[in-house]
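# Residue-level structure breakdown
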Amino acid sequence: MGKFENTTGSNWASQDAASLHINGNVEYPTREEFYTNYPFYKYWNSDCNDHLLVPEGINIYIHIPFCIQICDYCFYMKELIRSKDQVDEYVDCLCKEMKMASEHFSLGRRKVNSIYIGGGTPSVLTEQQFKKLSECLHKYHYLTADTEFAFEAEPGTFSKSKLEWYKESGVNRISMGVQSFDDEVIRQSSRKHTAVQAIHSIDILREAGGFELNIDLLSGLAGETTDSWDRSVDTAIEQGTDMLTIYKMKTYANTNFFKKGVRGKEIELPGQMEEVSLMKRAMDKVFAAGYDLWSTFAFTRNGCKSRYIEHTWRGQDMIAYGASSFGKLASFNYQNFNNIHLYVQKVKMDVMPVYRTYAMSYKDMIVKELLLCAVRLFSYTKKEFIDKFGFDYFKLIPDVMSELVYKGYITDATDELVLTKQGVLYGDFVSKVIASSVKEVFAGDAIGFVY
Ligand SMILES: C[S@@+](CC[C@H](N)C(=O)[O-])C[C@H]1O[C@@H](n2cnc3c(N)ncnc32)[C@H](O)[C@@H]1O
Ligand code: SF4
């Protein structure tokens, strides 16, 4: 049989025999179709011209993996600061990485929407180290007066003069890790400051002016009682910061709390229901004090928000600098070497320190949007999702959405996803339910437009 002969033996030249069904209609083959473009030109307009012509904004994350202590709950990549030389060498590598990346990916013309210097403890940088880093940021990236420039600080690691350099360099937002205002809880986490020092640090920040201020608390720490937690939350509220973030402490396997309280029995950590009850109490207090919900774990006053979180959760590109940092460029997620020595070695050899990547498919992007953004952010409409992905996920999983309403996790709003208080408390669980259900539908290929 010749290469092109019909294997069924039917007469393929016959129109009837060769007809196919499209959306339930019989269609006869023609040789008239000749596709050169999709969608057809009649759907194109000038609405997105600016979006194409103005280079898309970026966000920058810089990891400073040095700390003055190792806290028992902390899962981030960090080590005890050993010497000034060690940090000098690391900052030199950050600057070199910035130069390489901005040239390699042509980042210089892309406006920087936000910068987040996190750690570890960025506030341990000396004046010289910080200035060098900030000069490189300005040299290799396009910062504007609009750029949000956020910096993580720890009580007791900064002074009035450090705050002046931050301000001069454009830092306009400080996120301070307090975790607890109870000295015994702080001590049991192996942190070095006291509650009084934390309050003093917040006072210094407030007096310096010019910064949006966020403080982090952690629920579920060792030694926490209802009383100590209530006092901590009350004290946090009294500080009157623009934003208050309350993370649920997760006992990761790389933490001392895991060794001491999960694998071992040296310490007792609050159980799940105890932690839920602590968080409920905190939410009542925070709302009563006039804070609004901004995400499932951040509370805000006066419309203040983290633009870095907002942009990156909503999928804008995020350039990552430093050991273990992870970023996103177009459809690629990537992470740098998560070991300081290896990171430094690569950069010194003029090699981009990228350790691993993940090419996101369209399905992944949808699941990520649901998991990390739609449910978590409190201002996410159905329209935003439809504009991005072209379909309404409420309609894709109607039974799941109805069950979430029925069980009290979300309201019955039809144009956006609005979590109830219970939904906020179990925010990541709601994300998981929605994302997993959508994934299940995708797995069955019920929606064939995702290629
Ligand atoms: C990089 S850390 C710390 C910033 C700064 N070094 C400090 O200690 O104040 C940023 C935040 O992550 C949170 N965090 C650390 N370990 C956590 C864990 N196991 N679960 C949830 N949040 C955690 C803490 O609230 C912390 O303030
Ligand atoms: S919480 Fe902050 S200071 Fe403590 S180990 Fe983590 S990054 Fe370092």
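Residues numbered from 1 in each chain as written. Chains lettered and ligands numbered in written order. Predicted model: local features only at pLDDT ≥ 70, side-chain atom pairs only at ≥ 80, totals over all residues. Heavy atoms only, no water.

### Here's the deal with the packing of aromatic side chains
Quick note on the threshold: Aromatic rings from Phe, Tyr and Trp, with only the six-membered ring used for Trp, were paired whenever their centres fell within 6.5 Å, and each pair was classed as stacked if the ring planes differed by under 30 degrees, edge-to-face if by over 60, and tilted otherwise. Each helix is a run of H or I in the DSSP string that is no shorter than four residues. Each strand is a run of E no shorter than two, and both are numbered from the N terminus. Categorising residues by exposure relies on relative accessible area from a 1.4 Å probe, with only protein chains included: less than 20% of the type maximum marks a residue as buried, more than 50% marks it as exposed, and the intermediate range marks it as partly exposed. Lysine and arginine charges are scored as sitting over a ring when NZ or CZ, respectively, is within 6 Å of the ring centre and within 35 degrees of the ring normal.
Taken as a whole and assessed by the stated rule, the structure comprises 24 aromatic pairs. Relative to F257, the ring of Y73 lies with its centre 6.5 Å away and its plane at 50 degrees, an arrangement referred to as tilted. Of this pair, Y73 sits in the loop between β4 (66–67) and β5 (79–80) while F257 sits in helix α9 (residues 256–263), and the two are 184 residues apart along the sequence. For the pair shown, Y73 and F257 are each scored as buried. The structure contains a cluster of three or more aromatic residues connected by ring pairs, namely Y362, F385, F389, F391, Y393 and F394. Stacked on the ring of F394, the Lys or Arg K382 has its end atom at 4.3 Å from the ring centre.

### Remarks on the site of ligand 2
Operational definition: The criterion for a residue being near a molecule or strand is simple. One of its heavy atoms has to lie within 4 Å of it. Residue polarity is assigned by list, with Asp, Glu, Lys and Arg as charged and Ala, Val, Leu, Ile, Met, Phe, Trp, Tyr, Cys and Pro as nonpolar; anything else, Gly included, falls into the polar class.
Close to ligand 2 lie C67, Q69, C71, Y73, C74, K78, G120, T121, E154 and R191, which account for all nearby residues. Grouping the constituent residues of the shell around ligand 2 by class yields four nonpolar, three polar and three charged.

### As for the site of ligand 1
Rules: Identification of polar contacts relies on pairs of N or O atoms within 3.5 Å, with a donor-acceptor requirement for protein atoms, meaning one able to donate a hydrogen and the other able to accept it, and with residues adjacent in sequence counted only if both atoms are side-chain atoms. Here the Shrake-Rupley method, with its probe set to 1.4 Å, supplies the accessible areas, and only the displayed protein chains count as covering residues.
With respect to spatial proximity, 20 residues lie near ligand 1, and among them Y73, G119, Q179, R191 and D216 are the closest. The contact in question runs from a nitrogen atom of ligand 1 to an N or O atom on the backbone of Y73, over 2.8 Å. Contacts to ligand 1 include T121, whose side-chain N or O atom sits 3.0 Å from a nitrogen atom. Starting from 570 Å² of accessible surface for ligand 1 in isolation, the protein chains cover 94%.

### Description of the domain arrangement of the chain
We apply this condition: Residue ranges for the domains trace back to a domain assignment, done automatically or taken from a database. Any two residues whose heavy atoms approach within 4.5 Å are treated as being in contact. Two parts placed together each lose some accessible area under a 1.4 Å probe, and the buried area is that loss summed for both. By definition here, a salt bridge exists when the distance from a side-chain nitrogen of Lys or Arg to a carboxyl oxygen of Asp or Glu is within 4 Å.
According to the domain assignment, the chain consists of domain 1 (55–312) and domain 2 (379–451). A straight line from the C-alpha centre of domain 1 to that of domain 2 covers 30 Å. Domain 1 puts eight residues into the contact, and the matching count from domain 2 is six residues. Carbon and sulfur atoms make up 72% of the area that domain 1 and domain 2 hide from each other, which totals about 740 Å². It is V276, M283 and T296 in domain 1 that bury the most area against domain 2; as a group they hold 54% of the surface buried on that side. Measuring nitrogen to oxygen at the nearest pair gives 2.4 Å for the salt bridge that ties D284 to K421. For the pair domain 1 and domain 2, the number of links is one residue pair in polar contact (both at pLDDT 80 or more). For the side of domain 1 that touches domain 2, the element with the highest residue contribution is helix α10 (residues 272–288), accounting for six residues.

### What to know about the pairing of strand β9 (residues 212–219)
So the rule is basically this: Strands were regarded as paired on the criterion that DSSP finds at least two bridges between them. The crossover handedness rule: strands pointing away from the viewer, path from first strand over the helix to second strand clockwise, crossover right-handed.
β9 sits mainly inside the fold: seven of its eight residues count as buried. With six bridges connecting them, strand β8 (residues 173–179) and β9 associate as parallel partners. Following the sheet pairing, I174 is matched in β9 by L213. With helix α8 (residues 226–238) bridging β9 and the parallel strand β10 (residues 243–248), this β-α-β connection has right-handed handedness.

### Considerations on the packing of helix α16 (residues 398–406) against helix α18 (residues 427–443)
Which entries qualify depends on this criterion: Lines are fitted to the C-alpha atoms to define the axes, a helix being fitted only along its stretch in contact, and any angle between axes, read from their N-to-C directions, falls within 0 to 180 degrees. Roughly parallel means an angle under 35 degrees; roughly antiparallel means over 145; roughly perpendicular covers 65 to 115; every other angle is labelled oblique. Definitions for this section: a left-handed crossing has its near helix turned counterclockwise from the far helix by less than a right angle. A right-handed crossing has that turn clockwise.
For the pair α16 and α18, interaxial distance at closest approach is 10 Å and the crossing angle is 165 degrees. Taken together, α16 and α18 sit at an angle that is classed as roughly antiparallel. In the crossing of α16 with α18, the sense of the turn from one axis to the other is right-handed. Mapping the contact onto sequence places V400, M401 and L404 in α16 and V430, V433, I434 and S437 in α18.

### Points about the environment of M249
Along the chain, the position of M249 falls in the loop between β10 and α9. Once residues lying within four places of it in the same chain are set aside, the contact partners of M249 are Y73, L218, S219, G220, L221, F257 and L269.

### Regarding unusual backbone geometry
Of note, the amide linkage connecting Y38 to P39 takes the cis form, showing an omega dihedral of -10 degrees. By the secondary structure assignment, P39 is in the loop between β2 (25–27) and α2 (49–53). In this model, G119 is joined to G120 through a cis peptide bond whose omega is 20 degrees. In this structure, G120 sits in the loop between β6 (112–119) and α4 (127–140). You will see that S190, though not glycine, has its phi angle at about 65 degrees, which is positive. Along the chain, S190 falls in the loop between α6 (183–188) and α7 (195–208).

### Focus: the layout of surface pockets
Rules: Cavities and pockets are defined on a 1 Å grid built over the protein atoms alone: a cavity is a set of grid points where a 1.4 Å probe fits but cannot escape, while a pocket is an open set with protein on both sides within 12 Å along at least five of seven lines, and lining residues are those with an atom within 4 Å of any such point. Grid points are joined across faces, edges and corners, and a volume is the space filled by probe spheres set on the points.
A volume near 580 Å³ is recorded for the second largest pocket. Breaking the lining of the second largest pocket down by element, the ones donating at least two residues are α11 (307–313), α13 (362–374) and α14 (382–389). A per-element tally of the lining of the second largest pocket places α13 first, with four residues. Here the residues of the lining of the second largest pocket are counted per class, giving seven nonpolar, six polar and eight charged.

### What to know about the nonpolar core
As a rule of thumb, soluble globular proteins bury nonpolar side chains together. Under the convention used in this document: Buried Ala, Val, Leu, Ile, Met, Phe, Trp, Tyr and Cys residues form a nonpolar core when they are joined through side-chain atoms within 4.5 Å.
Residues I62, I174, Y393 and I434 are the most contacted members of the largest nonpolar core, which totals 106 residues. The element that contributes the greatest number of residues to this core is helix α3 (residues 84–104), accounting for nine residues. In this structure, C71, V185, L218 and A222 belong to the second largest nonpolar core, which totals 10 residues.

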